[in-house]
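For reference, the chains in residue letters:
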Amino acid sequence: MLTFDGHNDVLTELSRVGGRAAAPGFLTGLPGQMDLPRAQAGGFGGGFFALWSRSDGFTDFSMLGAEYDVSLPDPVPDAQAWEMIRAQADTLVALEELGALRICTSSTQIARARADGVLSAILHLEGAEGIGPDFYELEELYALGLRSLGPVWSRPNVFGHGVPFRYPSGPDIGPGLTERGRALIARCEEMGILVDLSHLNLAGFRDVAAISKRPLVATHSNAHAVVPHARNLTDEQLRIMADSGGLAGLNFESTFVRPDGRPDDDIPPAFLLAQLDHLIDRLGEEGVGLGSDFDGCTPPKWLNSVDKLPVLVQAMEQHGYTPTRIERICWGNWMRVLSDVWRETRP
């Protein structure tokens, strides 16, 4: 079963070990959770490759108590954020030049890459730090292939407020989008850029829903009714997404799938299947995909790298999902929603 995935942080992983100069390592093997040999072994056909302006000072999750509210690092100054984002975009271009993948801006291009046996990559910006008020940087990234953007990571920025890594908690935390944030969403709407709702707080989510006329998508978010973590989506949010024809991508992060919210990779398949069941119940069979968060999460030990995706497929089969449902979750639903968001004729 070939899979398409809503989120990975392999570009951040590469930035830690040399950025563009380290790109050849993707073809031969990397120390993280994803590289080309393991992607091919696991039937990974493509997905969203995130640009992210990382910063130091993140809390050690292993030290968390039964209830927690993780202290987030400070925002990265715009000039520094843009330097990191642009360097990561250059690394993705280098991967394309090496033949490791193909940057795609339409579902037709993704279908062609699949037929050619090449990984497809959607250029995604997670947290819009570095994007100036005139959106010049957004235009530059768009020219490189950017077709997906999350206005915030979990920390606040000039566009809005994210949800913290807090358990137990809901996402109704703080105000919504700023005036500049609403302008960014409107610009993405004009350009046909998917707006990712993952990491946004409830007020910001509602603001995007009021502005956007496209399907609402959370590329790597789970169900709050199953695990009451602030990063997970409430049934109200899922209903709004369902009404828009949207999609949520199942995140493999332990704290989002364990009922106790713990950063512990001792996670049975039943925990992920409970998330899928609830998401399907609220979004419908055509509204659920995968959003692994590989290289940015602590997944179950049996799913701790991209080559192990077939184990998840097997778990879905044993759970009683039909081949049609599994194909939709693993590939077809992403193609449906991308075609709708980008307003193209489906292949």
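An unreviewed UniProt entry lists the protein chain under the name Dipeptidase, with Ruegeria marisflavi given as the organism.

This brings us to the environment of Met1. Position of Met1 among the secondary structure elements: in the segment before strand E1 (3-8). Residues Met1 and Val313, 312 residues apart in the sequence, show an inter-C-alpha distance of 7.5 Å. If sequence neighbours within four positions are ignored, Met1 has contacts with Gly43, Val313, Ile326, Glu327 and Cys330.

On to the pairing of strand E2 (residues 44-51). Burial runs high along E2: eight of the eight residues are buried. Strand direction decides the pairing type here: E1 and E2, joined by four bridges, are parallel. Residue Thr3 lies in a different strand from E2, and its bridge partner there is Phe44.

What follows concerns the packing of aromatic side chains. The full count for this structure, using the stated rule, is eight aromatic pairs. For the pair Trp153 and Phe165, a centre-to-centre distance of 5.9 Å together with 50 degrees between the ring planes defines the contact as tilted. Separated by twelve residues along the polypeptide, Trp153 in the loop between strand E6 (146-150) and strand E7 (166-167) and Phe165 in the loop between E6 and E7 bring together distant segments of the chain. Each member of the pair, Trp153 together with Phe165, is buried. Taken together, the ring pairs connect Phe4, Phe48, Trp331 and Trp334 into an aromatic cluster. Just above the ring of Tyr321 sits the side chain of Arg325; from NZ or CZ to the centre is 5.0 Å.

By secondary structure assignment, the location of Thr219 is in the loop between strand E9 (217-218) and helix H9 (235-244). Its relative accessible area of 0% is what places Thr219 among the buried residues. A polar atom in the side chain of Thr219 sits 2.7 Å from the side chain of His220. Once you skip the residues sitting within four places of it in the chain, Thr219 turns out to touch Gly6, His7, Phe48, Leu194, Asp196, Ser198, Gly249, Leu290, Gly291 and Trp334.

About the criteria used
All chains use their own residue numbering, which begins from 1 and follows the written sequence. Two thresholds apply to this predicted model, a pLDDT of at least 70 for residue-level local features and 80 or more for giving and counting side-chain atom pairs, whereas whole-chain, interface and lining totals are computed over all residues. Hydrogens are left out, water is left out, and the side-chain values use all remaining heavy atoms of the structure. For helices the rule is a DSSP run of H or I covering at least 4 residues; for strands it is a run of E covering at least 2, with both sets numbered from the N terminus onward. Residues are treated as being in contact if the distance between any of their heavy atoms lies within 4.5 Å. Each residue gets one of three labels from its accessible area relative to the maximum for its type: buried under 20%, exposed over 50%, partly exposed in between, using a 1.4 Å probe on protein chains only. At least two DSSP bridges between two strands are required for those strands to pair. Aromatic pairs are defined between Phe, Tyr and Trp rings, using the six-membered ring for Trp, whenever the two ring centres lie within 6.5 Å; interplanar angles under 30 degrees are classed as stacked, those over 60 as edge-to-face, and all others as tilted. Distance and angle both matter: a charge sits over a ring if NZ of Lys or CZ of Arg is within 6 Å of the ring centre and within 35 degrees of the ring normal. For the purposes of these results, a polar contact is taken to be a pair of N or O atoms within 3.5 Å, where, inside protein, one atom must be able to donate a hydrogen and its partner to accept one; residues adjacent in sequence count only when each atom of the pair is a side-chain atom.

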